[in-house]
Amino acid sequence: MQIGPYTLDNNLIVAPMAGVTDRPFRQLCRKMGAGLAVSEMLSSNPKVWKTDKSLNRMDHMGETGIRSVQIAGADPDLMAEAAAFNEKNGAQIIDINMGCPAKK
Ligand SMILES: Cc1cc2nc3c(=O)[nH]c(=O)nc-3n(C[C@H](O)[C@H](O)[C@H](O)COP(=O)(O)O)c2cc1C
């Protein structure tokens with residue numbers, strides 16, 4: 001499967017799951033054969049980017065494979081800012097949360 005310039009090893013994709021798809025889990029999924037594992041969602045609100053939780057989620061150190069980061073929000077300018085911020089931070093693909101079962 002091809003997403004933009006990125007070729008996945010296969011078409012098995014681990015969905016973004018808040019509280020589940022953290023970096024160790026993504027790496028485990030990759031190791032077990034996933035072609036892509038998407039990050040937990042990150043808020044597009046820059047006010048929360050400095051919290052321990054967000055900083056932890058933004059850490060891609062040593063992450064193998066294609067880095068796909070999900071962002072969540074409703075304001076187009078903030079979403080664009082969050083996309084650019086995460087691209088600078090190592091995201092190769094930006095996934096936009098379009099509504100998910102997580103209560104937050
Ligand atoms: C625990 C849990 C957390 C989830 N968190 C997110 C999330 O943060 N963002 C999102 O877009 N979807 C989230 N989802 C939805 C999943 O990404 C996926 O769309 C959903 O589980 C349906 O996938 P399936 O059709 O492969 O079963 C979550 C699902 C679960 C079960």
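Residues numbered from 1 in each chain as written. Predicted model: local features only at pLDDT ≥ 70, side-chain atom pairs only at ≥ 80, totals over all residues. Heavy atoms only, no water.

### Remarks on the sheet that holds strand S4 (residues 36-43)
- One open sheet accounts for 4 strands, arranged S3-S4-S5-S6; its pairing is parallel. A single partner strand is all that each edge strand has here, and the edge strands are strand S3 (13-14) and strand S6 (93-96).
- Along the sheet face, helix H1 (residues 23-31) touches S3 and S4 and points at about 165 degrees away from the line of S4.
- Taken strand by strand, helix H3 (residues 76-88) contacts S4, strand S5 (68-72) and S6, and its axis lies near 155 degrees from that of S5. (Pairing = 2+ DSSP bridges. Helix = DSSP H or I, 4+ residues; strand = E, 2+ residues; numbered from the N terminus. Contact = heavy atoms within 4.5 Å. Axes fitted to C-alpha atoms, helices over the stretch in contact; angles between N-to-C directions.)

### Structural notes on the nonpolar core
- Of all hydrophobic cores here, the largest spans 8 residues; its members are Leu 42, Trp 49, Met 58, Val 69, Ile 71, Met 79, Ala 82 and Ala 91.
- Those residues in contact with Met 79 that lie beyond four places of it in its chain are Ser 44, Ile 71, Ala 72, Gly 73 and Ile 96.
- Judged by nonpolar contacts, the second largest core, of 5 residues, contains Leu 8, Leu 36, Val 38 and Ile 93. (Core = buried A, V, L, I, M, F, W, Y, C linked by side-chain atoms within 4.5 Å. Buried < 20%, exposed > 50% of the residue type's maximum accessible area, 1.4 Å probe, protein only.)

### A word on the side chain of Glu 63
- Structurally, Glu 63 is set in the loop between helix H2 (52-57) and S5.
- At 2.9 Å, the side chain of Glu 63 forms a polar contact with the side chain of His 60.
- Once you skip the residues sitting within four places of it in the chain, Glu 63 turns out to touch Arg 23, Arg 26 and Gln 27. (Polar contact = N/O pair within 3.5 Å; in protein donor to acceptor, adjacent residues only side chain to side chain.)

### Re the pairing of S6
- Relative to S6, S5 runs parallel, the two being bridged by 4 bridges. Its bridge partner lying in S6, Val 69 is registered against Ile 94.
- Between the parallel elements S5 and S6, the chain passes through H3 in a crossover that is right-handed. (Right-handed = clockwise from strand over helix to strand, strands pointing away.)

### Considerations on the pattern of salt bridges
- Across all of its chains, the model carries 4 salt bridges by this definition.
- Note that Arg 23 and Asp 59 form a salt bridge whose closest N and O atoms lie 3.4 Å from each other. Of this pair, Arg 23 sits in helix H1 while Asp 59 is found in the loop between H2 and S5, placing the two residues 36 residues apart along the sequence.
- Residue classification places Arg 23 among the partly exposed positions, given a relative accessible area of 25%. (Salt bridge = Lys/Arg side-chain N within 4 Å of Asp/Glu carboxyl O.)

### Let's talk about H3
- With 13 residues, H3 extends 18 Å from end C-alpha to end C-alpha; this agrees with the ideal 18 Å at 1.5 Å per step.
- The set of residues buried in H3 consists of Met 79, Ala 82 and Asn 86. One side of H3 carries all its buried residues, which in axial view fall inside an arc of 65 degrees. Of the exposed residues in H3, the ones pointing more than 90 degrees away from its buried face are Asp 77, Glu 87 and Lys 88.
- Of the surrounding elements, those touching the buried residues of H3 are S4, S5 and S6.
- The N-capping residue of H3, defined by a side-chain oxygen 2.8 Å from the backbone nitrogen of Asp 77, is Asp 75.
- In the segment just after H3, Gly 90 is the residue with positive phi, at about 115 degrees. (Expected span 1.5 Å × (residues − 1). Arc of directions from axis to C-beta.)

Read these as layout, nothing more, since geometry by itself doesn't imply function.
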